[in-house]
Amino acid sequence: MEGAENLANLIKPLSDALVASITPAQLITILAGIVGVGMTFVLMWFGARKLRQIFTNAVTKGKIKF
C-alpha cells in the first residue's frame, strides 16, 4: 500500500495543475472536434464502400445501379 500512496502523492500536483488549466468549455470543444472528425471518417468509409460496390457491379454484371 505504501507504493500506491507514494504514487498518489506524486501524481496529485500534476492532476491539480491539469484540472486548473482545462476548463469545461475547452473540454467540450475538444470532444466536439473529435466527434466531428470521427463522423467525417465514418461517412468517407461508407462512401468508399458504396463506390466499390458500384464499380464491382459495373464490372461483373455490366450494370451501374445506385
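Just above, that's the structure.
Report follows, based on the coordinates. Per chain, residue numbering runs from 1 following the sequence as it is written. Restriction of local features to residues with pLDDT of at least 70 applies here, the model being predicted, together with a cutoff of 80 or more for giving and counting side-chain atom pairs; totals for whole chains, interfaces and linings are based on all residues. As a rule here, side-chain values cover all heavy atoms of the structure and leave hydrogens and water aside.

Topic: the overall build of the protein chain
Here's step 1: Helix and strand assignments follow DSSP, with helices taken as H or I runs no shorter than four residues and strands as E runs no shorter than two, numbered in order from the N terminus. Counting its secondary structure elements, the protein chain contains two helices and zero strands.
Here's step 2: The reference for a compact globule is 2.2 Å times residues^0.38; the radius of gyration itself is calculated from the C-alpha atoms. In terms of overall size, the protein chain is more extended than a compact globule, its C-alpha atoms giving a radius of gyration of 25 Å where 66 residues would be expected to give roughly 11 Å.
Here's step 3: Principal-axis analysis of the C-alpha atoms gives the protein chain an extent of 70 × 30 × 10 Å.
Here's step 4: Working definition: with a 1.4 Å probe on protein chains only, accessible area under 20% of the residue-type maximum means buried, over 50% means exposed, and in between means partly exposed. A buried classification covers 2% of the 66 residues belonging to the protein chain.
Here's step 5: When the accessible surface of the protein chain is summed, it comes to about 6200 Å², and 73% of that surface belongs to carbon and sulfur atoms. Note on areas: these come from Shrake-Rupley sampling with a 1.4 Å probe, and a residue is covered only by the protein chains present in the view.

Considering the environment of Val-37
Here's step 1: Of note, Val-37 is situated in helix H2 (residues 24–61).
Here's step 2: Judged by relative accessible area, which is 47%, Val-37 ranks as partly exposed.

Re the environment of Leu-10
Here's step 1: As for its position among the elements, Leu-10 is in helix H1 (residues 2–21).
Here's step 2: Residue Leu-10 is classed as exposed on the basis of its relative accessible area, which comes to 64%.
Here's step 3: When the C-alpha atoms of Leu-10 and Gln-26 are compared, they prove to be 26 Å apart, with 16 residues separating the residues in sequence.

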